[in-house]
Amino acid sequence: MFNTETGNDLLRAKAFLESSEIVAIPTETVYGLAANALDVSAVVKVFQAKNRPSFDPLIVHTDKLEKVRSFVQALPPQASVLAEAFWPGPLTLLLPKKEIVPDIVTSGLPNVAVRIPDHPLTLSLLSMLSFPLAAPSANPFGYVSPTKAGHVMDQLQGKIPYILDGGESTVGIESTIIGFSGTDVIVYRLGGMSVEAIEKLVGKVTITLQSSSNPQAPGMLISHYAPRKQVVVGKISELIQQYNSEEIGILSFRESYYGINAEHQMTLSATGDMEEAARHLFASLRKMDNLPIKVIITELVPDHGLGRAINDRLRRASGK
Ligand code: TXA
Ligand code: MG
């Protein structure tokens, strides 16, 4: 057990990481649970703290493209284009790993997932370290990802020594995961970088979202991102009729509804701003999960830009 501290002391975070301990770090997407990616004894602790099955590999974070080259064998041409354009940013690339990356990080797969996150505090921390950081989202396995230091504290208190507090995540949804096969660019997880933005640079992509355990992207299990409460996705005005109004909470895209306790309603973005909706999604699901209600009623948002990633998370939260 640890007496978990929260703060913005980079030297303290660095000292823990250098002694094979794990530290929660802020990123623009969600908070990560970080360990020295090249140290098996440190990476093991990440799996333990999260209760994460060992077949679900971790993303490796660093701050410079030169450093990426030290642990991947090569970047296909489209990977270079995307890295130059979008890093630091909410994009993860699957690249052939060098021997130096331990098998536990990739669950024995030949590719390693790599990302340069766009957060000033974490970029400073990474620049001070002589190793990259393996970091999954800092939530217990299967639960909604954290977008604030407080979310991490609520769930991992006592299990980790330090939470680096970098404020609220500005994107709010996990990175988009991209792989390469010959000349094909494949999206394995919809996320904070829109498919439209990626296609502008590399042309049409294939979207292969995984819905059950599989070797390419095991983290895409259907039950991922789920609150404890039942989540029902549909047309809110119709769903309201089917439940006792006392027992439901409403998470809508823009609208509020009459006849339902205002404290049991949240909107993702009253103005219909998709970036704002993404930023609020996970914090809203957490708040709803802690209300004295039985069912969270919600709806899909327009299916473009970050809306596609939001809809993916809402469907998974509902178990569909
Ligand atoms: O935005 C993000 O990506 C956040 C922040 C902390 O960077 N991280 C994150 O990590 O969402 P995590 O562990 O919750 O999701 C990573 C997923 C895995 O579940 C798996 O689907 C995929 O990335 N992945 C990681 N390494 C892989 C590999 N070598 N091959 C295929 N898929 C991989
Ligand atoms: Mg996760």
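It should be emphasised that the depicted structure is a prediction, and the values quoted were computed from it without experimental measurement.

Thresholds applied
- Residues numbered from 1 in each chain as written.
- Chains lettered and ligands numbered in written order.
- Predicted model: local features only at pLDDT ≥ 70, side-chain atom pairs only at ≥ 80, totals over all residues.
- Heavy atoms only, no water.
- 1 Å grid on protein atoms, 1.4 Å probe; cavity = no way out; pocket = protein on both sides within 12 Å on 5 of 7 lines; lining within 4 Å.
- Points joined across faces, edges and corners; volume = space filled by probe spheres on them.
- Helix = DSSP H or I, 4+ residues; strand = E, 2+ residues; numbered from the N terminus.
- Salt bridge = Lys/Arg side-chain N within 4 Å of Asp/Glu carboxyl O.
- Buried < 20%, exposed > 50% of the residue type's maximum accessible area, 1.4 Å probe, protein only.
- Core = buried A, V, L, I, M, F, W, Y, C linked by side-chain atoms within 4.5 Å.
- Domains from an automatic or database assignment.
- Contact = heavy atoms within 4.5 Å.
- Pairing = 2+ DSSP bridges.
- Arc of directions from axis to C-beta.
- Axes fitted to C-alpha atoms, helices over the stretch in contact; angles between N-to-C directions.
- Parallel < 35°, antiparallel > 145°, perpendicular 65-115°, else oblique.
- Left-handed = near helix turned anticlockwise from the far one by under 90°.
- Nonpolar A, V, L, I, M, F, W, Y, C, P; charged D, E, K, R; others polar.
- Buried area = accessible area lost by both parts, 1.4 Å probe.
- Polar contact = N/O pair within 3.5 Å; in protein donor to acceptor, adjacent residues only side chain to side chain.

1. Some details on empty space enclosed by the protein
For step 1, the next point in the chain: Considering all chains together, one arrives at one cavity of 30 Å³ or more under this definition.
For step 2, the next point in the chain: Reported here for the largest cavity is a volume of approximately 30 Å³.
For step 3, the next point in the chain: If you go around the largest cavity, the residues you meet are T176, L190, G191, M193, S194, V195, G305, L306, R308 and A309.
For step 4, the next point in the chain: Broken down by element, the residue count for the lining of the largest cavity peaks at three residues, all from helix α11 (residues 306–317).

2. Describing the pattern of salt bridges
Think of it this way: side chains of opposite charge can pair up when their charged atoms draw near.
For step 1, the next point in the chain: Counted by the stated rule, this structure contains 14 salt bridges.
For step 2, the next point in the chain: With a closest N to O distance of 3.3 Å, R52 and D56 form a salt bridge. Note on accessibility: R52 and D56 belong to one class, buried.
For step 3, the next point in the chain: For K204, the salt bridge is made with E199, and the minimal N-O distance between the two is 3.6 Å.
For step 4, the next point in the chain: On the basis of relative accessibility, which here comes to 72%, the residue K204 falls in the exposed class.
For step 5, the next point in the chain: For E199, a relative accessible area of 21% gives the class partly exposed.
For step 6, the next point in the chain: Several salt bridges share partner residues, and in doing so they unite E174, D312, R313 and R316 into one network.

3. Points about the nonpolar core
For step 1, the next point in the chain: In this structure, L93 and I310 are the most contacted members of the largest nonpolar core, which totals 74 residues.
For step 2, the next point in the chain: Broken down by element, the residue count for this core peaks at seven residues, all from helix α10 (residues 274–289).
For step 3, the next point in the chain: Built from parts of two domains, this core gets at least three residues from each of domain 1 (5–174) and domain 2 (230–317).
For step 4, the next point in the chain: Among residues more than four places away in sequence, those in contact with I310 are I173, L268, M274, A277, A278, L281 and V301.
For step 5, the next point in the chain: In this structure, L10, F16, F131 and A135 belong to the second largest nonpolar core, which totals 16 residues.

4. Thoughts on the sheet that holds strand β2 (residues 23–25)
For step 1, the next point in the chain: Reading across the sheet, the eleven strands line up as β1-β8-β2-β3-β7-β4-β6-β5-β9-β10-β11 and stay open at both edges, with mixed pairing between neighbours. The sheet is open, and its two edges are formed by β1 (5–7) and β11 (206–207), each paired on a single side.

5. Quick word on the pairing of strand β3 (residues 32–36)
When a strand is regular, its side chains alternate between the sheet's two faces.
For step 1, the next point in the chain: Extensive coverage of β3 is indicated by the burial of five of its five residues.
For step 2, the next point in the chain: Of the pairings in the sheet, the one linking β2 to β3 comprises three bridges and is antiparallel in character. Directly across from A24, in β3, lies its bridge partner L33.
For step 3, the next point in the chain: Counting the residues between successive antiparallel strands, the hairpin from β2 to β3 contains six residues.

6. Comments concerning helix α2 (residues 40–50)
For step 1, the next point in the chain: Inspection of α2 places A42, V43, V46, F47, A49 and K50 among the buried residues, and these make up the whole buried set. Summarising the axial view, the buried residues of α2 lie within an arc of 170 degrees, below the 170-degree limit, and thus occupy one face.
For step 2, the next point in the chain: Those residues of α2 that are buried are in contact with β3, α5 (103–106), β7 (133–134) and α7 (149–156).
For step 3, the next point in the chain: Looking one or two residues past α2, N51 carries a phi angle of roughly 60 degrees, positive in sign.

7. Describing the packing of helix α1 (residues 10–18) against helix α6 (residues 120–128)
For step 1, the next point in the chain: Packing of α1 against α6 leaves a shortest axis separation of 10 Å and a crossing angle of 50 degrees. Between α1 and α6, the crossing angle belongs to the class labelled oblique. Judged by the twist between their axes, the crossing of α1 over α6 is right-handed. Between α1 and α6, the contacting residues are L10, L11, A13, K14 and L17 on the first element and L121, S124, L125 and M128 on the second.
For step 2, the next point in the chain: Here the contact of α1 with α6 is built from residues that sort into seven nonpolar, one polar and one charged.

8. Focus: the domain arrangement of the protein
For step 1, the next point in the chain: Split into domains, the protein comes out as domain 1 (5–174) and domain 2 (230–317).
For step 2, the next point in the chain: Relative to domain 2, the C-alpha centre of domain 1 lies at a distance of 29 Å.
For step 3, the next point in the chain: Domain 1 puts 15 residues into the contact, and the matching count from domain 2 is twelve residues.
For step 4, the next point in the chain: When domain 1 packs against domain 2, close to 1200 Å² is buried across both sides, 55% of that on carbon and sulfur atoms.
For step 5, the next point in the chain: Three residues, Y143, V144 and I173, lead the burial of domain 1 against domain 2; their summed loss comes to 43% of the area buried on that side.
For step 6, the next point in the chain: Scanning the region where domain 1 abuts domain 2 turns up one salt bridge.
For step 7, the next point in the chain: At the junction of domain 1 with domain 2, the criterion picks out five residue pairs in polar contact (both at pLDDT 80 or more).
For step 8, the next point in the chain: Of the residues that constitute the side of domain 1 that touches domain 2, the class distribution is six nonpolar, eight polar and one charged.

9. Digging into the sheet that holds strand β15 (residues 295–298)
For step 1, the next point in the chain: The parallel open sheet is built from four strands, whose spatial order is β12-β15-β13-β14. Because the sheet does not close on itself, it has two edges, and the strands there are β12 (230–233) and β14 (265–267). The sheet shows a mean angle of 20 degrees between the axes of neighbouring strands, taken without regard to direction.
For step 2, the next point in the chain: Across four bridges, the pairing between strand β13 (residues 248–252) and β15 is parallel. Bridge assignment links L251 to a residue of β15, and that residue is T298.

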